[in-house]
Amino acid sequence: MLASLHIAATELDTDHGKPPVLRVGATDDPARWTAGNRDALRAAVAEHGSVLVRGLGVRAPADVAAVLRELGVTPVAEREAFAPRAVYSDGVYSSSKWPPNQPMCMHHELSYALEFPGLMLFACLGAPTEGGATAVADSTAVLDALPPPLTERFAREGWLLTRSYHDEIGASLDQAFGTSDPEAVERYCRANAIECTWNPVGGLRTGQRRSAVVHHPASGRPCWFNQIAFLNEWTMDPEVREYLIDEYGPDGLPFNTRYGNGDPLTEDVVRLINEAYEANTTRHPWEAGDLLLVDNVRTAHSREPFAGPRDVVVALADPVRLTDCSPTREVTFS
């Protein structure tokens, strides 16, 4: 029995190949229901890595903020964003603005930052007519599925993220750092182990090296925790990649990833990582009113291409420091 008087273990649908689902009866107060089932929800996420609450009836960003409060968790402010979002309240955001016909491949939110959310909430206010699922994948299973020589190298060296900030594409300086003041940006970078350089026309290029394999702060399980494949040039649509290289040059891509020592990743390695994710991916199509809770360290998530309007609100909570996860290498860039 889960740790609540309101949710029995038998009420959690754990069909193989799909995320666990908790089906809720009619309720007109999602926050009140959450308050009464807080411990059970957290226990379900701890046990399974994610849980989909179906029928909760979240209808607006204010409902998501209220649910977040009743979970008793600390909101996390997004920093170093790579795509624009609307901000609704502390820790509550719109989905990242990303072309509907392009997937957002598997990743762990803010896994390139020194502090990141331990818990993610995704609330579907309006479901698309086709596609658009927020799929999940167990990061320990992905780690086990990858070739040991590859994961051992990443565990030893970490991974390198490079970013170039352009006015025309991706997040602006203000969206990423909360300021466009160069001195404030440099202070942030120094405090967060990010190397930064300004080009002659004022654009910014950054680099940061992070651990690719970490241990879960609660369970100690080793997890494949990064955005190596998602933010790599070989995961981009080929036409988009060619356009960006023509426009900005191979070193001016909005984002790219490498081995921790700076060696480039081959297309075959990136494909191998994405295939390991796909082999361990589970999904449910969205229904309006759904709430998905995800352990951000144990479980990667993605957004699949879609057609029709899709309104999914995201909440970031439970701040975790990279040093809480027993990283296997130093987090400094140099």
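All residue numbers here refer to positions counted from 1 along the written sequence of the relevant chain. For a predicted model such as this one, the threshold for reporting local features is a pLDDT of at least 70, and the threshold for listing and counting side-chain atom pairs is 80 or more; totals across whole chains, interfaces and linings nevertheless cover every residue. Here the side-chain values reflect all heavy atoms present in the structure, with hydrogen atoms and water set aside.

S.K.: With reference to specific residues and values, describe the packing of aromatic side chains.
M.R.: Stacked, tilted and edge-to-face are the three classes applied to pairs of Phe, Tyr and Trp rings, where Trp contributes its six-membered ring and a pair requires centres within 6.5 Å; stacked means planes under 30 degrees apart, edge-to-face means over 60, and tilted covers the rest. A full pass over the atoms with the stated rule returns nine aromatic pairs. Look at W98 and F230: their rings are 5.6 Å apart centre to centre, the planes differ by 55°, and that puts the pair in the tilted class. Within this pair, whereas W98 is found in the loop between β5 (92-94) and β6 (104-107), its partner F230 is found in the loop between β14 (222-224) and α8 (238-248), the two being separated by 132 residues in sequence. Taking 5.5 Å as the distance between ring centres and 50° as the angle between the ring planes, the aromatic pair formed by Y165 and F177 counts as tilted. Of the two residues, Y165 sits in strand β10 (residues 159-165) while F177 sits in helix α6 (residues 173-177), which places them 12 residues apart along the sequence. Taking relative accessible area as the criterion, F177 reaches 6% and is therefore assigned buried. Taken together through their ring pairs, the aromatic side chains of F82, W98, F230 and F255 make up a single cluster. Think of it as a cone above the ring: NZ of Lys or CZ of Arg counts as a charge over the ring if it is within 6 Å of the ring centre and within 35 degrees of the ring normal. Note that R153 overlies the ring of Y259, its terminal NZ or CZ placed 3.6 Å from the centroid. Comment: elements are numbered from the N terminus, with helices defined as DSSP H or I runs of at least four residues and strands as E runs of at least two. The classification of residues rests on relative accessible area computed with a 1.4 Å probe and restricted to protein chains. Under 20% of the type maximum is buried, over 50% is exposed, and intermediate values are partly exposed.

S.K.: I'd love a proper account of the confidence of the model for the chain, names of residues and values included.
M.R.: Along the chain, pLDDT gives the predictor's confidence residue by residue, from 0 to 100. Averaged over every residue, the pLDDT of the chain is 91; the share at 70 or more is 95%. Taken together, the stretch residues 1-5 has pLDDT below 50 and engages in 15 contacts with residues farther than four places along the chain or on a different chain. In what follows, residue pairs with any heavy atoms lying within 4.5 Å of each other are defined as contacts.

S.K.: Provide a residue-level description of helix α3 (residues 61-70), including the pertinent values.
M.R.: Regarding α3, the residues found buried are V64, A65, A66, V67 and L68. In this fold, the buried residues of α3 make contact with α1 (30-36), β4 (87-89), β5, β7 (115-126), β17 (291-295) and β20 (311-321). Just downstream of α3, G72 is the residue with a positive phi angle, here 70°.

S.K.: Could you give an account of the sheet that holds strand β18 (residues 299-303), naming the residues involved and the relevant values?
M.R.: Overall, antiparallel pairing links the four strands, which are arranged β6-β18-β9-β16 in an open sheet. Pairing within the sheet leaves two strands with one partner each, and these edge strands are β6 and β16 (281-282). Sheet analysis places strand β9 (residues 136-138) next to β18, joined by three bridges and oriented antiparallel. Of the residues in β18, the one forming a bridge with A137 is A300. Two strands qualify as a pair provided DSSP detects at least 2 bridges between them.

S.K.: Just give me the short version of the sheet that holds strand β15 (residues 255-259), but keep the residues and values in it.
M.R.: With antiparallel pairing, the four strands of this open sheet are ordered in space as β11-β12-β10-β15. With one partner strand each, in any of the chains shown, β11 (195-198) and β15 form the two edges of the open sheet. Averaged over all pairs of adjacent strands, the angle between strand axes in this sheet comes to 15°, irrespective of strand direction. Sheet analysis places β10 next to strand β12 (residues 204-210), joined by seven bridges and oriented antiparallel. Each bridged residue has a counterpart across the sheet, and for Y165 the counterpart in β12 is L204. Axis lines are fitted to C-alpha atoms, over the contacting stretch for helices. Their N-to-C directions set the angle, which ranges from 0 to 180 degrees.

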